[in-house]
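So you can see what is in the structure, the chains are spelled out below.
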Amino acid sequence: MSHGRTDTADGDRLSHFLDSPVIGMSPWIAMSVIVGPGRFELAVGIALALAVLLVIIGRVRHPGTSFKILEVADVVFFAVLAVIGIFASPGTHRWLETYAGEVASIALMTIALGSMAFRVPFTLQYARERVPREVWSDPRFLRTNYYITAAWGAAFAVAAIAGAFGDLVLHNPNNAWTGWIIQIAAIIAALQFTEWYPDVVRARSLREKNLPGPPEPPLSSMLIPLAGYLTPVGIAVLVAGAGPVWLGVALIVLGVVLVKSLSRPKEAEVDADVSG
């Protein structure tokens, strides 16, 4: 019996992930992280394959539904980049290898801001597949999707600025900090906010209505993965020589200490539940 419950739980988690706006942004995340000198074709190929696969999965899981804004943007943008890459001159190709990551980040930021301007934040189409229809017009539900869409727009704005700084100021597209570390940190922050904030809104709504439900998740639960990210960054600094040794060691120690400190409220809550 327990095996059946585990299978169901795993299926629910997979379904939850596939209906998340994060899945629609995976081609953009792949593009912004992978692209660089000598990796343009690889990055575009992976991003386009992911985009097409997501459209197919979406139609199989939700037959008869309309295409999402992000699905269409994914396929069109990366197909156009692929065609341009095939026919581009050597000079244009070099430019794309250097700046395609920033172009992709700016494009997604524009999609996010544009969808909000037209009052259809792109996360809304994903969120509607996860909640009953009567919730769709709830102001809280709509506001939550504005915030989450804005968080992703901000994350890719940070990614674009970091990449541009590495390319235009440092003249080093392969700089670990501007090309990888900062951009991945921004994406982790947006990922965590996407998962954390809806739970906060639901908990507050239930509490206002005096209904039972899980407690509001603390801010620390969103920050723990960001704190934990410091440790692999520190290891990368030591291994790749992306900074002085003391910085790598300091980041590793700081990551461990922050994760332990931020986890204490959760541990105290578990202890209280057990003693109760």
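Everything quoted here is computed from the prediction, not taken from an experiment.

All told, the structure shown has nine aromatic pairs when counted by the stated rule. Ring geometry for Phe77 versus Phe78: centroids 5.1 Å apart, planes at 85°, classification edge-to-face. Ring centres 5.6 Å apart and planes at 65° place the aromatic pair Tyr147 and Tyr197 in the edge-to-face group. Taken together, the residues Tyr147 in helix α7 (residues 139–169) and Tyr197 in helix α8 (residues 176–208) connect sequence positions 50 residues apart. With relative accessibility at 41%, the residue Tyr147 sits in the partly exposed group.

Taken as a whole and judged by the stated rule, the model has six salt bridges. Across the salt bridge formed by Arg59 and Glu71, the nearest N and O atoms sit 3.0 Å from each other. Residue Arg59 is found in helix α3 (residues 40–61), and its partner Glu71 is found in helix α4 (residues 69–87); the two are separated by twelve residues along the sequence. Residue classification places Glu71 among the buried positions, given a relative accessible area of 6%. A salt bridge links Glu71 to Lys68; the nearest nitrogen and oxygen atoms lie 4.0 Å apart. Lys68 sits in the buried class, given a relative accessible area of 5%. Residues participating in the shared-partner salt-bridge network are Arg59, Lys68 and Glu71.

The rules behind each value
- Residues numbered from 1 in each chain as written.
- Predicted model: local features only at pLDDT ≥ 70, side-chain atom pairs only at ≥ 80, totals over all residues.
- Heavy atoms only, no water.
- Phe/Tyr/Trp six-rings, centres within 6.5 Å; stacked < 30°, edge-to-face > 60°.
- Helix = DSSP H or I, 4+ residues; strand = E, 2+ residues; numbered from the N terminus.
- Buried < 20%, exposed > 50% of the residue type's maximum accessible area, 1.4 Å probe, protein only.
- Salt bridge = Lys/Arg side-chain N within 4 Å of Asp/Glu carboxyl O.

All we've got here are geometric facts, nothing functional implied.
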